[in-house]
Amino acid sequence: EKNNRSGRIFRYQPWEKIATWAFSVALRNPKLVSMMEIGKTYEGRPIILLKVGKQKACKKGIILECGIHAREWISPAFCQWFVNEAVKTYGKDKNMTRLLDRVTFHVIPVFNIDGYVWSWTQDRLWRKNRKPNGECIGTDLNRNFNISWNKFEKDEDPCMQAYAGTGPESEVETQAFSTYIRKNLDSIKAHISFHSYGQMLLYPYGHAEENIPNHEIVEKLAVSALEALSGLFGTKYIHGSISKIIGLVSGSSIDWSYEEGIKYSFGFELRDGKIYNFLLPESLIKPTCQETMLAVKVIANHVLKLET
Ligand code: PAY
Ligand code: ZN
């Protein structure tokens, strides 16, 4: 099967392959990509972050957060796609060149690495991290952020998929991410969290039903991003606040970053709709990433135009 330019099929990659890839993409593109470690997972794996863009002072930043949920494999695949596409098209694609000249993308290919490894080796549908909590294992990192933590008291059972943890930021992964964002708050203007599935573009709040202060502009941006996305293959997405579309959730990463002052915080639920769910076939990696890329560029172009 051949479905990309270099003639090889895109495959989901185990963590070791992603780590090696991250190292080598930084090594091969020293002017555009640098690699750092923002902390370690519970099991001691380094949480890798790739900074992508021309190295200049005073740049705006956009954080791309992939793999917070272990079983959503298309998410890390997208972060890899994004970085590969960036280095491939810099200097060729006008828009990408402009973006990388002015914006630094802070890309976390796999946030919940321990869970991802578990999903590859033991339980394909694993979602949480791997820290034991009494009789069960794992905390949902997307309930563990310090924003209305455990407000609805529905994620208190350590055996449930969305267990919120023992307290806000109780998990080392959440701590590493939050610390990194707090340190870079001056420059980071947008945060995009990639999930699957459902074909939805979500924004805050999840923890409240009211509209965010800049709802109108975020809503418009979501519409433009989805116009670009659907323009490629006609993929249908819905959009709106997490609370409206999914229901009330507390402690999510995009709610937290929004409250920290990042005014453009989005969550993508990538393909598919309802056939394959988490088990999106590898043949759909490429079209999913291609269309998502267009939406991400619309959001990034908006950030580029911001005054501050
Ligand atoms: O994207 O942050 C978001 C919305 C909330 C997600 C969550 O953390 O529950 C939605 C689910 C997810 O991607 O984790 C949706 C999927 C299909 C699920 O596992 O239920
Ligand atoms: Zn998810």
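For a regular strand, the rule is simple: side chains alternate between the two faces of the sheet. Along strand β10 (residues 264–270), seven of the seven residues are buried, which leaves the element largely enclosed by surrounding structure. Residues Y264, F266, F268 and L270 of β10 are buried on one face, and the alternating residues S265, G267 and E269, pointing to the opposite face, are buried as well.

It is worth spelling out the packing of aromatic side chains at this point. A complete count under the given rule lists 16 aromatic pairs for this structure. When the ring of F78 is compared with that of F82, the centres are 6.4 Å apart and the planes differ by 50 degrees; the resulting orientation is tilted. With a gap of four residues between them, F78 and F82 both fall in helix α2 (residues 74–89), about one helical turn apart. The burial state of F78 is the same as that of F82; both residues are buried. Taken together, the aromatic side chains of F78, F82, F105, F194, Y237 and F268 make up a single cluster linked through ring pairs. Here the basic side chain of R124 rests over the ring of W73, its NZ or CZ set 3.6 Å away from the ring centre.

Take the packing of helix α3 (residues 94–102) against helix α9 (residues 285–305) next. Two numbers describe how α3 lies on α9: the axes approach to 11 Å, and their chain directions differ by 50 degrees. Accordingly, the angle class assigned to the pair α3 and α9 is oblique. Judged by the sense of rotation from one axis to the other, the crossing of α3 with α9 is left-handed. Residues N95, M96, R98, L99 and R102 of α3 form the contact with α9, whose own contacting residues are M293, K297, A300, N301 and L304.

Ligation of the zinc ion (ligand 2) by protein atoms is provided by H69 (ND1), E72 (OE), E72 (OE) and H195 (ND1), these donors lying 2.0 to 2.3 Å from the ion. Geometry at the zinc ion (ligand 2) is irregular, judged from its six donor atoms and the angles of 56 to 151 degrees they form at the metal.

Another point: helix α5 (residues 172–183). Between its first and last C-alpha atoms α5 spans 16 Å; for twelve residues at 1.5 Å apiece the expected length is 16 Å, and the two agree. Taken together, the buried positions of α5 are E173, T174, A176, F177, S178, Y180 and I181.

Around ligand 1 there are 14 residues in total, and H69, R127, N142, R143 and E269 lie nearest to it. The protein chains hide 86% of the 460 Å² of surface that ligand 1 would expose on its own. A per-class count over the shell around ligand 1 returns five nonpolar, four polar and five charged.

The amide bond that connects S196 to the next residue, Y197, takes the cis arrangement and shows omega of 5 degrees. Along the chain, Y197 turns up in the loop between β7 (188–196) and β8 (200–203). The residue after R271, namely D272, is reached through a cis peptide bond having omega 0 degrees. By the element assignment, D272 lies in the loop between β10 and α9. Residue E153 is not a glycine yet carries a positive backbone phi of 50 degrees. By the secondary structure assignment, E153 is in the loop between β6 (136–137) and α5. Although it is not a glycine, N277 sits at a positive phi angle of roughly 55 degrees. Mapped onto the elements, N277 comes out in the loop between β10 and α9.

So, how was this worked out
- Residues numbered from 1 in each chain as written.
- Chains lettered and ligands numbered in written order.
- Predicted model: local features only at pLDDT ≥ 70, side-chain atom pairs only at ≥ 80, totals over all residues.
- Heavy atoms only, no water.
- Buried < 20%, exposed > 50% of the residue type's maximum accessible area, 1.4 Å probe, protein only.
- Helix = DSSP H or I, 4+ residues; strand = E, 2+ residues; numbered from the N terminus.
- Phe/Tyr/Trp six-rings, centres within 6.5 Å; stacked < 30°, edge-to-face > 60°.
- Lys NZ or Arg CZ within 6 Å of the ring centre and 35° of its normal.
- Axes fitted to C-alpha atoms, helices over the stretch in contact; angles between N-to-C directions.
- Parallel < 35°, antiparallel > 145°, perpendicular 65-115°, else oblique.
- Left-handed = near helix turned anticlockwise from the far one by under 90°.
- Contact = heavy atoms within 4.5 Å.
- Donors = N, O, S within 2.8 Å, 3.2 Å for Na, K, Ca; no water.
- Tetrahedral: all angles 85-135°; square planar, octahedral: opposite > 155°, others 65-115°.
- Expected span 1.5 Å × (residues − 1).
- Near = heavy atom within 4 Å.
- Areas by Shrake-Rupley, 256 points an atom, 1.4 Å probe, with all protein chains shown as cover.
- Nonpolar A, V, L, I, M, F, W, Y, C, P; charged D, E, K, R; others polar.

Everything listed here is a matter of geometry and, on its own, says nothing about what the molecule does.
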